[in-house]
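Structure at a glance
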Amino acid sequence: MRRRIIAVAITVLAFALLALGGCAAAPAAESGDMGVWGYVVAAKNAQLEVAPQQQGHTSLVVERVLAPEDAWIVVHLEVDGKPGMRVGLVHVTKGESTIISVPLEGVTTPNVIVAVHADRGTPGTFDFDMEKATSSFDRPFFVDEKELAKVVALN
Amino acid sequence: MNAISERRFRIDVEGMHCHSCEMLVSQGISALPGVSAVVADAKAGTVTIQADPSVLDVDAVIGAIVAAGFTPTAEGMAVEPAEGAIVAPAPAPAPTPAGETRACPIVPADDVAPATPVAAPASALTGTVTLGLIGMTCSSCSMVIEKTLGKMPGVSSATVNLAAETGTVVFDPAVLGVDDLIGAVKNAGYDAILKVEAVAGEAPAEDVQRIAQQKHTRKEQRLFAMSLVLSLPLLALMIPSLMMGVPLAVATWLANTVGGAWDPNMVFKYIGLALATPVQFIAGWQFYRGFFHALKRRTGNMDTLIAIGTSSAYFYSIAATFVPALHAEPVFYETAALLITFVILGKLLEARAKGKTSDAIKKLMGLAAKTARVVRGGEEIDVAIEQVVVGDVVVVRPGEKVPVDGVLTDGRSSVDESMLTGESIPVEKNAGDAVIGATMNTLGSFRFRATKVGADTALAQIVKLVEDAQGSKAPVQRFADRISAVFVPAVVGAAVLTFLVWLFAVPQFVDAAFYATATPFVKALLAGTAVVVVACPCALGLATPTAIMVGTGKGAENGILIKSGEALETAYKLKAIVFDKTGTLTHGKPVVTDVELADGHDTARVFMLAAALERNSEHPLAEAIVLHAKATGVDLPDVEGFSAIPGHGVEGTVAGTQVAFGNRKLMARDGIDISRFEERIAALESEGKTVMLVGVGGQKLAGMIAVADTLKENSREAVERLTKMGVEVFMITGDNRRTAEAIASQAGIAPDHVLAEVLPEHKAEEVAKLQAKGLTVAMVGDGINDTPALAQADVGIAMGAGTDVAMETGGIVLIKNDLRDVVTAIELSRATMRKIRQNFFWALGYNTLGIPVAALGLLRPELAGAAMALSSVSVVTSSLMLRRFKPSMSSKAA
C-alpha cells in the first residue's frame with residue numbers, strides 16, 4: 001500500500017513538474033532578446049581598441065581588433081544609450097587587425113557605438129536585421145556577458 | 001499418405017500432467033514414419049494416433065513415448081502400488097517373437113467399447129498449447145500476435161490475453177510444432193516461451209515466464225533510470241532562468257577552454273541533442289523495433305504511435321540543430337526524451353499493477369505443501385511433494401498441511417478447508433472421508449491414502465481452471481478489439497490531418513501575432529505529435545482482461561470457480577435461475593422430521609421397532625430411520641423373519657413382536673386401522689413428507705414416522721436475495737407437484753415457478769423454454785444428472801463439492817454446497833462488469849478528451865505522453881480496486 005502511494009506520489013509530482021516545465025517553456029530561439037544574445041568569446045580571443053574621442057563625422061579609426069573568426073566592425077548611432085541606425089561597416093578577418101578606418105555615413109548623433117559582429121551568414125555579406133536581432137546570423141561577440149563594443153564621441 | 005488406409009490407435013500413457021507433456025509425447029510420435037496426426041490428452045492419460053497401420057511401427061511408438069519420459073501402459077500391466085512402495089515406471093513391452101501374437105498395448109480406437117472416449121476424426125485432431133508472451137504493450141500487440149499465429153497453416157485458433165500475457169493456440173501437431181509457433185511470435189517482434197503448467201507446490205522461481213518477465217522488467221527499469229537521468233536535466237532546462245544560464249555558462253566555459261565563439265542558443269541545442277539521443281535510440285529502440293515489426297505486417301500498435309511521435313519531435317530538432325536555415329527554429333529534444341521516459345514509466349507501473357491482478361493464483365499456488373510424510377517400508381519418511389504417488393499412505397499431524405488429495409484411512413481430526421472453500425468452520429474428518437491437499441489439519445493426527453497427486457489434485461485443478469479463465473476472453477473484449485483494430489491507423493490519419501490543418505488552414509484565420517513565438521510549421525508539428533501520442537489505445541486493451549483476472553481471482557478466493565470470462569459476463573445478465581431441488585436447494589438426504597405416537601407407545605420403542613427392520617432394508621428412506629435411531633441412542637435388536645414387500649414396506653419379528661413398517665397399503669393389507677391418523681398423514685404429505693406407519697402385533701398402529709429431504713439452511717436466504725436482485729427463481733424437480741410446491745414454499749419460491757415432475761432428461765427442455773421467453777437463464781445443479789440442463793443454460797452453475805464431474809460441467813463451479821455463493825457469483829459478475837465499464841470510461845475518456853485537446857494545440861506532446869501512460873495505470877489500478885469486493889452474503893461470516 002505504501003509503495004503504491006509512493007508510486008502515485010512520484011507520478012503526480014513528475015506530472016506537476018512536467019506541467020510546470022512544459023507550460024513555462026518557451027522555444028529556445030526566443031530566449032535571447034535579453035542578456036547574452038550573440039556569440040560568447042573569451043577575453044583573450046576577442047578585443048576591441050578604439051580611441052573614445054575622434055575628430056570628424058565621415059570616418060573613425062579602430063586601433064586594434066582581435067577576432068576569433070572572420071568578423072565585422074559595425075558602427076551604430078547611439079540613441080538613448082542603445083544602438084540605433086547603422087552608419088559604418090568594415091569586414092575584418094580572423095585574428096588581429098590594426099588601424100582600421102571605418103567610413104561613416106549619416107551620423108546625426110554626437111556619439112556612436114562601435115561593435116564587433118561575427119560573419120556567420122553568407123561570407124562577406126552582413127546578415128543582421130535589427131528587427132530579428134536574436135535570430136540573425138551575424139550577431140555581436142560577447143565577452144564576460146557584455147557585448148564587445150565601445151562608445152566613441154565624434155567631435 | 002492415403003487417409004482411407006489410415007486408422008486411429010489409442011495408447012494409455014502414464015505420467016502426462018500438462019500441455020508440455022502432451023507436446024513432448026506428440027512431437028516424439030509424430031516424427032515416426034506412417035504417423036499423420038497425434039493427439040495426446042494428459043487428462044485422459046491417452047495418446048491417439050492417426051497412422052497407416054502398414055507402416056506404423058508399434059515398438060517405435062512405445063520407444064518414442066519412453067524416450068519422452070513417459071510410460072506406455074499395456075492392459076494388464078497397471079501396477080497398483082502397495083503401501084510404502086514407489087511405483088516404478090512400467091517397462092515397455094518386450095519385442096514379440098516372430099509369428100507370435102501379442103497383446104498389443106495400442107488398441108485400435110475402432111475396437112474400443114462405446115463407453116470409451118473415441119478420438120476425433122483426423123481432421124479434428126488438435127493440440128493445444130499455452131505460450132507465455134513477453135513484450136506486448138497494448139491490445140494492438142495482442143492482435144498482431146493473434147493474427148500472426150492465426151494465419152499459420154494448421155492453427156485453428158489463437159487467443160491472446162494481454163493482461164495475463166499468454167496466448168492459447170489450438171493447432172494440428174501434424175502440420176506444425178510449438179517451435180514454429182514460438183518462432184512466428186518472435187518474428188512478429190515479441191518473445192514467447194512455452195508456458196509450463198505450474199503444478200501446485202512448485203517453487204514460483206521455476207516459472208520460466210516469470211523469470212523472463214522479471215528479466216524484461218529489470219531491463220525496462222534500467223532503461224527508465226537512464227531515461228530519467230537524461231530527461232530530468234532536459235526538463236530543468238525548460239525553466240527560463242536555467243534555459244538562459246546553463247547554455248551561457250557552458251558556452252563561456254567552451255570559449256575559455258577550447259577557444260572560438262560559441263552561440264548559447266546552439267549550445268542549448270547541443271546539450272539537448274547529447275541528452276536526448278541515448279534516450280531516443282537506446283531506451284526508445286524497443287519502440288522502433290515494434291514499429292518495424294508492425295509495419296512488416298501492415299498494422300500498427302502503440303510502438304507505431306510512440307515511434308512516430310518521438311521521431312517527429314527528435315528529427316525535427318536535429319534539423320533545427322544542423323540545418324543553418326533552421327538555426328533560428330526551436331528544438332524539442334525534451335519532448336522526445338520525456339515522452340519515452342513517461343511511456344517506459346507507464347509500462348513499469350502497469351506491469352507492476354498487472355502482476356497484482358494474478359495475486360489470487362499466486363496465493364492459491366502458495367498454499368501447497370512442500371513436503372509430505374509418507375509410510376514407506378513401514379517407516380515414516382519425509383519426501384518432497386513431487387515424490388508422493390497415488391496409493392502412498394500419508395501421515396498428517398496436528399497443525400500440518402494435508403499435502404495431497406486422498407481418503408482418510410486411520411484416525412480422525414478437524415480440517416480447516418477455508419483456503420479452498422472459504423468455509424471458516426473446520427470440517428470433521430473420519431475414516432472414509434476425503435481430504436483435500438493444501439488444507440490445514442487442526443487437531444488430531446490421521447493417515448490417508450493418496451488418491452490424487454501433482455496436477456491431478458483439487459488445488460492444481462483449481463489453479464488450472466482459474467488460469468484458463470483468466471486467459472479466456474470475455475465477449476465484451478470484442479468491443480475493445482474492434483476499436484483497437486482501427487485505432488492506430490485512424491490516429492495516424494487524425495495526426496496527419498491535424499498537422500495539415502495547422503500548417504495550411506489555421507494561418508489563414510489567425511492574426512500574425514499568433515505566430516510570434518513559433519512558426520506555423522512548429523505549431524503544426526507539436527499539435528500533430530500530441531495527437532499521435534495521446535491517442536494510444538493501450539488502456540483500452542487492458543480494460544477487460546485486468547478486470548476479468550481480478551474478478552476470477554476474487555471468485556476463487558471465495559470458493560467460486562469461474563471457468564471463463566464469458567461465464568462471468570453472462571452471469572451479470574441473468575434474469576432467471578433454475579435450482580435443481582434435490583441436493584441443491586435441499587440436503588439431498590432424507591431425515592426424520594416428525595414422529596406421531598398411538599396411545600400407549602413411546603418414541604424410543606417405535607424407533608427401535610422400525611429401525612431394527614429398516615436396518616435390513618436397502619430403501620433410501622431406511623437410512624434416515626436407522627441414523628435417527630442410532631443418533632438417539634436406541635439399541636437395535638435382531639430381526640427374525642424379515643421380508644420386504646415391494647411397494648408396501650417391510651415386515652418381521654422384533655424382540656418377539658410382529659412388526660409391519662410401511663405405507664397405507666401395507667397397513668390395509670394387514671388390516672390395521674389408521675383412520676385416526678388420516679388427517680395428520682394428509683397434512684404431513686401436503687408438506688412434501690413421506691409418512692411411514694408402524695403396525696404391531698398385526699392389528700394395531702404404534703405410530704408413524706415422517707421423513708423428508710429438508711431444505712438447506714441458507715436456501716431461503718439465497719432465494720430471497722436473488723429475488724431482491726431482480727432475478728426470477730425457479731425450482732426444477734422430478735417430484736410430484738405437491739411435494740415440490742411444499743419444498744418451494746419453504747424456500748420462498750412461488751408455486752408458478754415450480755417445474756415439477758420433470759424427468760432428468762427433460763430438464764434441459766424446461767431451461768430452453770425459459771430461454772425462449774427471452775430470459776437469460778442460469779441452471780444450478782449438482783453437475784451429475786443435471787448436466788444437460790447445465791449445458792443448455794446460459795450459465796451452468798455446478799454445486800461442485802470438488803467432484804470431477806462438477807468441475808467439468810457448467811461455467812461456474814461452487815466449491816461449497818452453499819447457495820449463498822450463487823448470489824456472490826452474480827454480485828461478483830455485476831461488480832466485474834461495472835468495473836469493465838468504468839475501465840472503458842477511463843480508457844476512452846483519455847482518448848476522446850485528449851485527442852481534441854491535442855488537435856487544438858492545447859497539449860504539449862510530453863504532457864500527452866504522460867496522460868497516455870497514466871491512462872493505462874489508472875485502468876489497471878481501477879481493476880485492482882475490485883480486490884475490495886465483499887460478498888453481501890459471505891459464507892465466511894456464517
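Refer to the preceding data block for the structure.
Let me sum up the structure you'll find in this document. (Residues numbered from 1 in each chain as written. Chains lettered and ligands numbered in written order. Predicted model: local features only at pLDDT ≥ 70, side-chain atom pairs only at ≥ 80, totals over all residues. Heavy atoms only, no water.)

Quick look at the overall build of chain A
What chain A contains, in helices and strands, is one helix and eleven strands. Taken from the N to the C terminus, the helices and strands of chain A come in the order α-β-β-β-β-β-β-β-β-β-β-β. Relative to its 155 residues, chain A shows a buried fraction of 45%. Nonlocal contacts in chain A, meaning residues at least 24 apart in sequence, comprise 65% of its contacts between residues at least 6 apart. When the accessible surface of chain A is totalled, it reaches about 8,100 Å², and 57% of it is carbon and sulfur. (Helix = DSSP H or I, 4+ residues; strand = E, 2+ residues; numbered from the N terminus. Buried < 20%, exposed > 50% of the residue type's maximum accessible area, 1.4 Å probe, protein only. Contact = heavy atoms within 4.5 Å. Areas by Shrake-Rupley, 256 points an atom, 1.4 Å probe, with all protein chains shown as cover.)

A word on unusual backbone geometry
Positive phi outside glycine occurs at aspartate 144 of chain A, with the angle close to 50°. Here aspartate 144 of chain A lies in the loop between strand S9 (141-143) and strand S10 (146-147). You can call aspartate 144 of chain A exposed: its relative accessible area is 62%. If you check the backbone angles, alanine 655 of chain B has positive phi at about 50° while not being a glycine. Examined against the element boundaries, alanine 655 of chain B turns out to sit in the loop between strand S24 (649-654) and strand S25 (657-662).

As for the pattern of salt bridges
Proximity of charged atoms lets side chains of opposite charge pair with each other. All chains considered together, the criterion is met by 29 salt bridges over all chains. The salt bridge involving arginine 64 of chain A is made with glutamate 49 of chain A; its shortest N-O contact spans 2.9 Å. Of the two residues, arginine 64 of chain A sits in strand S4 (residues 59-67) while glutamate 49 of chain A sits in strand S2 (residues 47-50), which places them 15 residues apart along the sequence. Arginine 64 of chain A gets classed as buried once you look at its relative accessible area, which sits at 17%. When salt bridges that share partners are traced, they join Asp594, Glu596, Arg680 and Lys689 of chain B into one network. (Salt bridge = Lys/Arg side-chain N within 4 Å of Asp/Glu carboxyl O.)

Considering the sheet that holds strand S8 (residues 166-171) of chain B
Residues and elements named next belong to chain B. The sheet built from four strands is open, its strands ordered S7-S8-S6-S9 with antiparallel pairing. In this open sheet, the two edge strands, each paired with only one partner strand, are strand S7 (155-161) and strand S9 (191-194). Averaged over all pairs of adjacent strands, the angle between their axes in this sheet comes to 25°, without regard to strand direction. Where strand S6 (residues 127-134) meets S8, six bridges bridge the pair, whose relative direction is antiparallel. The partner of glycine 132 across the bridge, within S8, is threonine 166. In this fold helix H4 (residues 178-187) packs onto S6, S7, S8 and S9, with an angle of close to 160° to the strand it touches most, S9. (Pairing = 2+ DSSP bridges. Axes fitted to C-alpha atoms, helices over the stretch in contact; angles between N-to-C directions.)

Observations regarding the side chain of glutamate 69 of chain A
On the secondary structure map, glutamate 69 of chain A appears in the loop between S4 and strand S5 (71-79). Within the structure, the side chain of glutamate 69 of chain A is placed 2.8 Å from the side chain of arginine 120 of chain A, a separation counted as a polar contact. For glutamate 69 of chain A, the contacting residues outside a window of four places in its chain are Thr93, Lys94, Ala118, Arg120 and Phe141 of chain A together with Ala261 of chain B. (Polar contact = N/O pair within 3.5 Å; in protein donor to acceptor, adjacent residues only side chain to side chain.)

Some details on the nonpolar core
With 157 residues, the main nonpolar core has Leu181, Ile577, Phe579, Leu722, Ile812 and Val822 of chain B as its most contacted residues. Element by element, the count of residues in this core is highest for helix H10 (residues 333-357) of chain B, at twelve residues. Residues contacting leucine 722 of chain B, with those up to four places away along its chain left out, are Ile577, Phe579, Val727, Val729, Val822, Val823 and Ile826 of chain B. Among the nonpolar cores identified, the runner-up in size contains 30 residues, and Val50, Val62, Val92 and Ile100 of chain A belong to it. (Core = buried A, V, L, I, M, F, W, Y, C linked by side-chain atoms within 4.5 Å.)

Comments concerning the environment of histidine 327 of chain B
Looking at the element boundaries, histidine 327 of chain B is found in the loop between helix H9 (302-322) and H10. Classification of histidine 327 of chain B as partly exposed rests on a relative accessible area of 26%. Sequence spacing of histidine 327 of chain B and serine 317 of chain B is ten residues, and the spatial spacing of their C-alpha atoms is 9.9 Å. Those residues in contact with histidine 327 of chain B that sit more than four places away from it in its chain are Phe137 of chain A together with Met266, Lys269, Ala320, Thr321 and Phe322 of chain B.

A closer look at the packing of helix H6 (residues 240-257) of chain B against helix H7 (residues 264-283) of chain B
Helix-helix packing is characterised by the crossing angle of the two axes and by the distance between the axes. All names here are of chain B. Running from N to C, H6 and H7 point in directions that differ by 100°, and their axes come no closer than 8 Å. Regarding the angle of H6 to H7, the classification is roughly perpendicular. Residues Met243, Val246, Pro247, Leu248, Val250, Ala251 and Leu254 of H6 touch H7, and the partners they reach there are Pro264, Val267, Phe268 and Ile271. Here the residues of the contact of H6 with H7 are counted per class, giving eleven nonpolar, no polar and no charged. (Parallel < 35°, antiparallel > 145°, perpendicular 65-115°, else oblique. Nonpolar A, V, L, I, M, F, W, Y, C, P; charged D, E, K, R; others polar.)

Focus: the sheet that holds S2 of chain A
Residue and element names in this part refer to chain A. Taken together, the three strands give an open sheet; going across it, the order is S2-S4-S7, and neighbouring strands pair in antiparallel fashion. Looking at the sheet topology across the chains shown, the edges are occupied by S2 and strand S7 (95-103). On average, adjacent strands in this sheet sit at an angle of 20° to one another, irrespective of strand direction.

Thoughts on the side chain of serine 311 of chain B
All names here are of chain B. Structurally, serine 311 is set in helix H9. Relative accessible area serves as the criterion here: at 14%, serine 311 is assigned to the buried category. A polar contact is formed between the side chain of serine 311 and the backbone oxygen of alanine 307, at a distance of 2.6 Å. Residues in contact with serine 311, not counting those within four places in the same chain, are Gln280, Tyr288, Ile306 and Tyr316.

Quick word on the packing of aromatic side chains
Residue and element names in this part refer to chain B. Considering all chains together, one arrives at 17 aromatic pairs over all chains under this definition. Centre to centre, the rings of tyrosine 316 and phenylalanine 521 are 5.2 Å apart; their planes meet at 40°, and the pair counts as tilted. Of this pair, tyrosine 316 sits in helix H9 while phenylalanine 521 sits in helix H15 (residues 520-534); the two residues are 205 residues apart in sequence, bridging distant segments of the chain. A relative accessible area of 8% means that tyrosine 316 is categorised as buried. (Phe/Tyr/Trp six-rings, centres within 6.5 Å; stacked < 30°, edge-to-face > 60°.)

Quick word on a nonpolar patch on the surface
A surface patch of nonpolar side chains, about 200 Å² in accessible area, is lined by Ile239, Leu242 and Val246 of chain B. As for its position among the elements, leucine 242 of chain B is in helix H6. (Patch = residues over 30% accessible without salt bridge, like charges linked within 9 Å, V, L, I, M, F, W, Y side chains within 5 Å.)

What about the packing of H15 of chain B against helix H28 (residues 820-855) of chain B?
Residues and elements named next belong to chain B. Relative orientation of the contacting elements H15 and H28 amounts to 175°, with a least axis distance of 8 Å. By the criterion of interaxial angle, the relationship of H15 to H28 is roughly antiparallel. Residues Ala527, Ala530, Val531 and Val534 of H15 pack against Tyr846, Asn847, Gly850, Ile851, Ala854 and Ala855 of H28. Taken together, the residues of the contact of H15 with H28 sort by class into eight nonpolar, two polar and no charged.

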